[in-house]
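Summary of the model geometry
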Amino acid sequence: MKKISSFSERWLKNAGVPDAKIADHLEFIQNRVLRYPPHFRLLRKVAGWFFERVGPLFLLGKMCRSVSLNDNDFENFLTRSYGSRFIWIRALFILIQVPLIESLTREKPLAPH
């Protein structure tokens, strides 16, 4: 199973997912993202790169990857991401966060009528 991004793994750990179940959640997320239209899949890869590599520098002023942030800094990073004054940051954050939340709830898709 291929990792989506370190941000996803860090987010799941922060949400309280046990280490033994993270791979299962990442696989669920990957399968969920494969159902997105191609342009959304590409945009989600860009969002993963942004929140993994550039986000901490842009939002916190720290030159590091998001996976290496301590717990307080990571919480602050999440808060600044969804509360950013730039709408494109909020939109990318929603795009990357929705499959993560879906992996926690594991809601079954609606059956077609």
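Provided above is the structure to which this section pertains.
Summary of the structure given here. (Residues numbered from 1 in each chain as written. Predicted model: local features only at pLDDT ≥ 70, side-chain atom pairs only at ≥ 80, totals over all residues. Heavy atoms only, no water.)

Some details on the nonpolar core
- Ranked by internal contacts, the top residues of the largest apolar core, which has 24 residues, are Phe7, Trp11, Leu12, Phe51, Phe74 and Phe77.
- Elements that contribute at least two residues to this core include exactly α1 (6-14), α2 (19-33), α3 (38-60), α4 (71-82) and α5 (87-105).
- The element contributing the most residues to this core is α5, with six residues.
- Sequence-distant contacts of Phe7, defined by excluding residues within four places in its chain, comprise Phe51, Glu52, Ser66, Phe74, Phe77, Leu78, Phe93, Ile96 and Leu100. (Core = buried A, V, L, I, M, F, W, Y, C linked by side-chain atoms within 4.5 Å. Buried < 20%, exposed > 50% of the residue type's maximum accessible area, 1.4 Å probe, protein only. Helix = DSSP H or I, 4+ residues; strand = E, 2+ residues; numbered from the N terminus. Contact = heavy atoms within 4.5 Å.)

A look at the packing of aromatic side chains
- Scanning all chains against the criterion turns up 13 aromatic pairs.
- Measuring from ring centre to ring centre gives 6.2 Å for Phe7 and Phe77, while their planes differ by 80 degrees; the resulting arrangement is edge-to-face. Note that Phe7 is positioned in helix α1 and Phe77 in helix α4, a separation of 70 residues in sequence. We note that Phe7, like Phe77, is buried.
- One aromatic cluster is present, built from ring pairs that chain together Phe7, Phe50, Phe51, Phe58, Phe74, Phe77, Tyr82, Phe86, Trp88 and Phe93.
- A cation over a ring is seen here: Arg10 above Phe74, with NZ or CZ 4.4 Å from the ring centre.
- Above the face of the Phe28 ring, Arg106 is positioned so that its terminal group lies 4.4 Å from the ring centre. (Phe/Tyr/Trp six-rings, centres within 6.5 Å; stacked < 30°, edge-to-face > 60°. Lys NZ or Arg CZ within 6 Å of the ring centre and 35° of its normal.)

As for a nonpolar patch on the surface
- On the surface, Phe40, Leu42, Leu43 and Val46 cluster together to form a nonpolar patch covering roughly 350 Å² of accessible area.
- Summarising the element assignment, Leu43 is placed in helix α3. (Patch = residues over 30% accessible without salt bridge, like charges linked within 9 Å, V, L, I, M, F, W, Y side chains within 5 Å. Areas by Shrake-Rupley, 256 points an atom, 1.4 Å probe, with all protein chains shown as cover. Salt bridge = Lys/Arg side-chain N within 4 Å of Asp/Glu carboxyl O.)

Observations concerning the pattern of salt bridges
- Per the counting criterion, the structure on display carries six salt bridges.
- Arg10 is the partner of Asp71 in a salt bridge, and the nearest nitrogen-oxygen pair spans 3.2 Å. One end of the pair, Asp71, is in helix α4; the other, Arg10, is in helix α1, with 61 residues separating them in the sequence.
- A relative accessible area of 51% means that Asp71 is categorised as exposed.

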